Amino acid sequence: MSADDESFHPLGKEWEGELEEMLDDTEYDTDLGMEMAQDAMRVTKGELSEAEFHEKYHDDVMDEFGVDDRPTEEAYEAAQEEAKGTVGRMLSAFDGDGEETRRETMKKMGVGAAAVGLGAWGATDDGPEADFAAADDAADGGDDDGIQWGMTIDLERCDGCLSCVDACSEENQLDQGVNWMYVLQFADEDNQEPGHHPAGGFENMLVRPCQHCTDAPCEKVCPTTARHTRDQDGLVLTDYDVCIGCRYCQVACPYGVNYFQWNEPDVEYEDIPENASEHPAAHVPADADPEDVTYSEYDDLDDDRWVDARAPRGVMSKCTMCPTHQDGSQGEEHIGHTACEDACPPGAIQFGNVNDELSDPQRYAENPSRGRSLERLAIPDPEELEDALEGEDDDLESVLDAVDFQAMDGDITTDAEGLGILLALEITGGEQMGNGPEVENHSDFVHYEQEVLDVLEVLEDHGLDLDSQEVLAELDLADPLEEDEDEDDDFEPDEDDAQFLLQRFAGVQTSSFKLLEEYGTNPNITYIGSEPGPNAEQIEGPVQYDSVDLTDNRKEVLDDDTVTGGMY
Amino acid sequence: MSTKTPTEADILRPLKNTSKRYFMLFGAAAIAFGIFLVGWIYQLAVGMSVTGLSDWGSGGGVTWGLYIGAFIWWVGIAHGGIILSAAVRLLGMDRYMPVARLAEMLTLAGLSAAGFYIIVHMGRPDRMVTSVLGHYHITVNNSPLVWDVTVITAYFVLTATYLALTLRYDITRLRDDLPDMFEPVYKLLTLGYSEKEDEVIERMVWWVALAIIIMAPLLLHGGVIPWLFALLPTYPGWFGAIQGPQFLTIALTSAISGVIVVSYAFRRAYDWDHIITDDIFRGLLLWLGFFCLLFLWLQLQQLTSGSFSATVDHQAATASKLSHPAYIVPITMVFGVLMYIFATTLRPSLFSKARAIAAGVLVLIATLVEKTYFVVAGLWYPAFSIYDATPGDYFPSLIEMSSVLGTIGMVVLFFLVIAKVVPVVELHAVEHLRGDHGHGHEEAHESETEPEVKA
């Protein structure tokens, strides 16, 4: 893009020169302006956060201009909150991209940065507005955007058991062949006969719920606003009372996640809770009010809307990511969980707030080896552990003899490896270890990590020194002590070694991707595993849909109703 | 051989005479329409599952099919009709003046059929008003479907205004010969008429025609209708800038064909060979040839760019075109028509009205099949084609197929009724033909007077 690689500006040296001249013509400091412009570019690239940018130049700007209207970190965050709460939210309901919020923020950006920075923003590909949005996201660090439910799905852990498909279908009482959640295996050019994946699942799996796109094409084309994004948590839902059944959303969605209710649903509205409750994976109590599992709350509306569970006749339906769970109307414990996530035996589906870097999906995506390990281990009960250690010596060997760490997972070959993995989880956990999102219930990781910490505490209480280099070296978490070397009291375990241990146990992900991201949909599902190529084609998966009373191809069901006069 | 001079009596004939054949045709059209209404009621009772439609993706079907194909087809016929009529007025193509009003009426009938299809296609037609109008101020900003409804409505109003304005002149002058039972209609249509307005009306009509000519390519069949598809990047068979011009040329071919068929039916029924002359058919056929050429040329563009070095998904979509009978057959039909029209320019004796009608009917069938294939194949070959069930299969149900007959019946009924209320040939046209003998109407004409309308 740049004519000259040395120029910070995408339009090249020439434009940079022009900028410099413009600044020379003013009474203000040219060097400061150019430096700020360079950093403004870094903000657009996400290398520098907006808040950092403001902090860095606050003093200089005060000296130069005598005033700095640009918000500092606190002011910026407050402004963001304010904008979100009022005007921004109202207006974003219209265009869905929060344009006005950004404009407001731009106004607050003030003189210096606006003059120089705008040039930089304007010159990148998508125009000033779009790039400001990118800078905005980078600056927030994700935490200030409010909730955006989404998922990380570890395809390398998926064994195609269809439990998630089944659980979704039962929870929502979907018609035969309506697979809001759909799992498939595919053959691709470089892998025509996919087999088992070392991480525990199968190769070339694809788990396909709705992607709950931030820029959902289905929503854009809807002639009624029935298909909408819920402001409070970013879920893309269908208002069953508004939809006219034109099916344009189904056409516009590139993923094929929509299922139209072509005729009367199999299950009566009143029977939804009772039928759902019969299934072990569904959470619905038999005597629940149908409205509790179908109507969902809106922060910005007075009334609840009918957006969940199977659709009535003549309207569109698709995966909802269980908004009635997220509302808490089925109990606090279901907030932050979906039926498919809870049903997934290998824990390949991680649901949570993808705007929060401490949420399960974000932490899993950040370090899948660690996430997999947390999901896989059957961590010993602390009390049973105490019993097992009763009367044993406190050296490593005795502890390993007394406790069966190997039992935590079939792939663990020695007790030392098992204990090493537990320690590695703590070492790689950093400050976040045991600290989940605001509501702890949302996070499975927090529970798992707490369990790990409890076990390690029992061991340390027993007298095993888990900080000693000698013990850590035995567990492959440190270099062995040289003969003449004394034990260092402040020995810090090596995080790389810990990570290596986790990777050896749970595998390293080959790649991660977002599906069809190139179409600008901004999906909120991150996949770990191999992305299907353009020639990928579904093959027969590990478990057949009909073997678990599901129907793969719904057309077979719908064809029964098609009027052909028996002629074709 | 005809040296008959067109008279007022000629254009009043449909209003004054009603034959047995008229009632037979009326009955046939009503039955066709009725059969579909029964099918539609059944669809409303059971659900959309009575169609051959299904979910695309894991469901391996197409969610839009013949209903949408036929919708586009009718809108195309409608738009082309009014473009033709507007061109007559704007460009002074007086030769076609006798069929201009028929073309306008075809527009109203076609738009009605298209509007009916929108309702038939929906899962919850009962919410049309509350859901669509209630959120119009929001959805009009981004939903191509809302743009569609907006522009189609605008076009209907524009065309109806156009027709109503031009009818004032005729009705005032022919009032004494018009049937008394429609007195209130005539009173309403000629409210406040004075001869002084003729000039003003003519100017107004000119401006409306200009608006139509400008709007049609920009907004209608060169705009919002193709944009329903052309704006979706995940369907290689649909996406791209060529769909605007492509849709427009297809609309014009089908519309000219429609005008040929309707004009011939009226000429035959009411002995109008001295009004809707052979010369008009020759001219319409040439225009049909011109637009067939554009139609095929734009198809060629797509086939070439879709196969030479296209993306994987685009290649699959193009390969389907080159192998599917629902594409090959209609394209061959249009090509055959083009060849015939080309031949008539080299050897005029090859022209006959029967062949002109056949060409029109072939093009009408071809455009309906091509448009339906376009809709269906787009969904068969999406960018994300990983599903085993995709591309699936689709064959319209009997109800969907009867909808085509039903809407044709509906349009025939429209003509049968309106021909009894107002003159379908402008008085201006008769006056023009009387005053200006520049155009020949010398050829032999059929002498049948039976009111047979081919649709």
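About the cut-offs
Residues numbered from 1 in each chain as written. Chains lettered and ligands numbered in written order. Predicted model: local features only at pLDDT ≥ 70, side-chain atom pairs only at ≥ 80, totals over all residues. Heavy atoms only, no water. Helix = DSSP H or I, 4+ residues; strand = E, 2+ residues; numbered from the N terminus. Buried < 20%, exposed > 50% of the residue type's maximum accessible area, 1.4 Å probe, protein only. Contact = heavy atoms within 4.5 Å. Areas by Shrake-Rupley, 256 points an atom, 1.4 Å probe, with all protein chains shown as cover. Pairing = 2+ DSSP bridges. Axes fitted to C-alpha atoms, helices over the stretch in contact; angles between N-to-C directions. 1 Å grid on protein atoms, 1.4 Å probe; cavity = no way out; pocket = protein on both sides within 12 Å on 5 of 7 lines; lining within 4 Å. Points joined across faces, edges and corners; volume = space filled by probe spheres on them. Nonpolar A, V, L, I, M, F, W, Y, C, P; charged D, E, K, R; others polar. Parallel < 35°, antiparallel > 145°, perpendicular 65-115°, else oblique. Left-handed = near helix turned anticlockwise from the far one by under 90°. Disulfide = S-S within 2.5 Å. Lys, Arg positive; Asp, Glu negative; His and termini not counted. Salt bridge = Lys/Arg side-chain N within 4 Å of Asp/Glu carboxyl O. Polar contact = N/O pair within 3.5 Å; in protein donor to acceptor, adjacent residues only side chain to side chain. Phe/Tyr/Trp six-rings, centres within 6.5 Å; stacked < 30°, edge-to-face > 60°. Lys NZ or Arg CZ within 6 Å of the ring centre and 35° of its normal. Buried area = accessible area lost by both parts, 1.4 Å probe. Core = buried A, V, L, I, M, F, W, Y, C linked by side-chain atoms within 4.5 Å. Expected span 1.5 Å × (residues − 1).

S.K.: Which parts of the structure should I look at to understand the overall build of chain A?
M.R.: Scanning chain A from terminus to terminus reveals 24 helices and 13 strands. Looking at the 568 residues of chain A, the share that counts as buried comes to 55%. Contacts in chain A between residues far apart in sequence, at least 24 positions, make up 65% of those at least 6 positions apart. Entry remark: accessible area of chain A is about 24,700 Å², with carbon and sulfur atoms responsible for 42%.

S.K.: How should I be thinking about the sheet that holds strand E13 (residues 537-539) of chain A in this particular structure?
M.R.: Within a sheet, each strand pairs with its neighbour through backbone hydrogen bonds, oriented either parallel or antiparallel. All names here are of chain A. Here three strands make up an open sheet; going across it, the order is E3-E2-E13 and the pairing antiparallel. For this open sheet the edge positions go to strand E3 (205-208) and E13, each flanked by a neighbour on one side alone. Strand-to-strand twist of the sheet, defined as the mean angle between neighbouring strand axes without regard to direction, takes the value 50 degrees.

S.K.: Would you explain empty space enclosed by the protein in this entry?
M.R.: Considering all chains together, one arrives at ten cavities of 30 Å³ or more under this definition. In this model, the largest cavity occupies a volume close to 160 Å³. Those elements that provide at least two residues to the lining of the largest cavity are helix H3 (66-90), helix H4 (97-121), helix H5 (128-134) and helix H7 (144-174) of chain B. Of the volumes computed, that of the second largest cavity is approximately 90 Å³. For the second largest cavity, the lining is made up of 13 residues, of which Cys 168, Cys 319, Met 321, Cys 322 and Cys 340 of chain A are closest to its centre. Mapped by element, the contributors of at least two residues to the lining of the second largest cavity are helix H9 (163-172) and helix H15 (339-343) of chain A. Class assignment for the residues of the lining of the second largest cavity results in ten nonpolar, three polar and no charged.

S.K.: How should the packing of helix H2 (residues 20-46) of chain B against helix H15 (residues 398-418) of chain B be read in this particular structure?
M.R.: In helix packing, the relevant descriptors are the interaxial angle and the interaxial distance, both defined with respect to the helix axes. Residue and element names in this part refer to chain B. Contact pair H2 / H15: the axes reach a minimum separation of 7 Å and the direction vectors enclose 140 degrees. The angle between the axes of H2 and H15 places the two elements in the oblique class. Note that H2 runs across H15; the crossing there is left-handed. Tallied by class, residues from the contact of H2 with H15 come to 18 nonpolar, six polar and no charged.

S.K.: How should I be thinking about the state of the cysteines in this particular structure?
M.R.: Under the counting rule described, the total for this entry stands at zero disulfides over all chains. The thiol of Cys 319 of chain A is unpaired, and the distance to the nearest cysteine sulfur, on Cys 210 of chain A, comes to 5.3 Å.

S.K.: Can you help me understand the pairing of strand E2 (residues 182-187) of chain A in this one?
M.R.: Where a strand is regular, its side chains alternate between the two sheet faces. All names here are of chain A. Within E2, six of the six residues are buried, leaving the element largely enclosed by the surrounding structure. Side-chain alternation along E2 places Tyr 182, Leu 184 and Phe 186 on one buried face and Val 183, Gln 185 and Ala 187 on a second face that is also buried. Judged from the four bridges that link them, E2 and E3 form a sheet pairing that is antiparallel. Directly across from Tyr 182, in E3, lies its bridge partner Arg 208. Bridge count for E2 against E13 is three bridges, and the pairing is antiparallel. What sits directly across from Phe 186, in E13, is Gln 538.

S.K.: Just to check I follow, could you spell out the side chain of Asp 313 of chain B for this structure?
M.R.: Counting through the fold element by element, Asp 313 of chain B comes out in helix H12 (residues 312-323). Buried and without a salt bridge, Asp 313 of chain B has Lys 321 of chain B as its closest oppositely charged side chain, separated by 13 Å. In this structure the side chain of Asp 313 of chain B is engaged in a polar contact, spanning 2.6 Å, whose partner is the side chain of Thr 311 of chain B. Setting aside anything within four residues of it in sequence, one finds Asp 313 of chain B in contact with Tyr 519 of chain A together with Pro 236, Pro 382 and Ala 383 of chain B.

S.K.: Mind showing me how you'd approach helix H16 (residues 427-435) of chain B here?
M.R.: Helical geometry: 3.6 residues make up each α-helical turn, so side chains three or four residues apart lie on a common side. Buried within H16 of chain B we find Leu 427, Ala 429, Val 430, His 432 and Leu 433 of chain B. Against helix H1 (8-16), H4 and H7 of chain B lie the buried residues of H16 of chain B.

S.K.: For this particular structure, what's the right way to read the packing of aromatic side chains?
M.R.: The geometry of an aromatic ring pair is captured by the separation of the ring centres together with the interplanar angle, meaning the angle of the planes. Per the counting criterion, the structure on display carries 41 aromatic pairs over all chains. Judged by centre distance (6.2 Å) and plane angle (15 degrees), the rings of Phe 266 of chain B and Trp 272 of chain B are stacked. Each member of the aromatic cluster is reached from another via a ring pair, and the members are Tyr 182, Tyr 248 and Tyr 545 of chain A together with Trp 56, Trp 64, Phe 229, Tyr 235, Trp 238, Phe 247, Phe 374, Phe 384 and Tyr 387 of chain B. Geometry around Phe 260 of chain A places Arg 247 of chain A over its ring, the cationic atom sitting 5.0 Å from the centre. It is Arg 376 of chain A that lies over the ring of Phe 505 of chain A; its NZ or CZ is 4.3 Å from the centre.

S.K.: Help me understand the interface of chain A and chain B in this model?
M.R.: The figure often quoted for interface size is the accessible area lost as the parts come together. With 58 residues of chain A at the interface, the matching set in chain B holds 64 residues. Across the chain A/chain B interface, buried area totals approximately 4,900 Å², and carbon plus sulfur atoms make up 58% of it. Connecting chain A to chain B are two salt bridges. When the shortest N-O distance is used, the salt bridge between Asp 393 of chain B and Lys 555 of chain A registers 3.4 Å. Our count for the chain A to chain B interface comes out at 38 residue pairs in polar contact (both at pLDDT 80 or more).

S.K.: What exactly am I supposed to notice about the nonpolar core here?
M.R.: By size, the foremost hydrophobic cluster in this structure holds 230 residues, and its most contacted members are Phe 229 and Leu 288 of chain B. A per-element tally of this core places H3 of chain B first, with 18 residues. Not counting residues within four places of it along the chain, the set of residues in contact with Leu 288 of chain B comprises Thr 253, Ile 256, Ser 257, Ile 260, Val 337, Ile 341, Ala 359, Gly 360 and Val 363 of chain B. Listed in part, the 42 residues of the second largest apolar core include Phe 445, Leu 464, Leu 466 and Phe 505 of chain A.

S.K.: Is there a simple way to explain the environment of Val 183 of chain A in this structure?
M.R.: Residue and element names in this part refer to chain A. Along the chain, Val 183 turns up in strand E2. Assessed through its relative accessible area of 4%, Val 183 is described here as buried. Separated by 22 residues in the primary sequence, Val 183 and Met 205 place their C-alpha atoms 7.3 Å from one another. Not counting the four nearest positions on each side in its chain, Val 183 is found in contact with Cys 158, Gly 160, Leu 162, Cys 164, Val 165, Met 205, Leu 206, Val 207 and Tyr 545.

S.K.: Please clarify how helix H10 (residues 243-270) of chain B should be interpreted in this entry.
M.R.: With 28 residues, H10 of chain B ought to run about 40 Å at 1.5 Å a step, and its terminal C-alpha atoms sit 40 Å apart, in line with that. Note on H10 of chain B: the residue one or two positions beyond its end, Asp 271 of chain B, has a positive phi of about 60 degrees.

S.K.: Sorry if this is basic, but what is going on with the packing of H10 of chain B against helix H14 (residues 353-380) of chain B here?
M.R.: All names here are of chain B. Taken N-terminus to C-terminus, the directions of H10 and H14 make an angle of 140 degrees; their axes are 9 Å apart at the nearest point. For the pair H10 and H14, the sense of crossing is left-handed. Residues Gln 243, Phe 247, Ile 250, Thr 253, Ser 254, Ser 257, Gly 258, Ile 260, Val 261, Tyr 264 and Arg 267 of H10 touch H14, and the partners they reach there are Lys 353, Ala 356, Ile 357, Gly 360, Val 361, Val 363, Leu 364, Thr 367, Glu 370, Lys 371 and Phe 374.

S.K.: How should the side chain of Gln 173 of chain A be read in this particular structure?
M.R.: Residues and elements named next belong to chain A. Here Gln 173 shows up in the loop between H9 and E2. A polar atom in the side chain of Gln 173 sits 2.8 Å from the backbone oxygen of Glu 170. Polar side-chain contacts of Gln 173 include one of 3.5 Å to the side chain of Asn 275. Not counting residues within four places of it along the chain, the set of residues in contact with Gln 173 comprises Cys 168, Val 267, Ile 272, Asn 275, Ala 276 and Arg 310.

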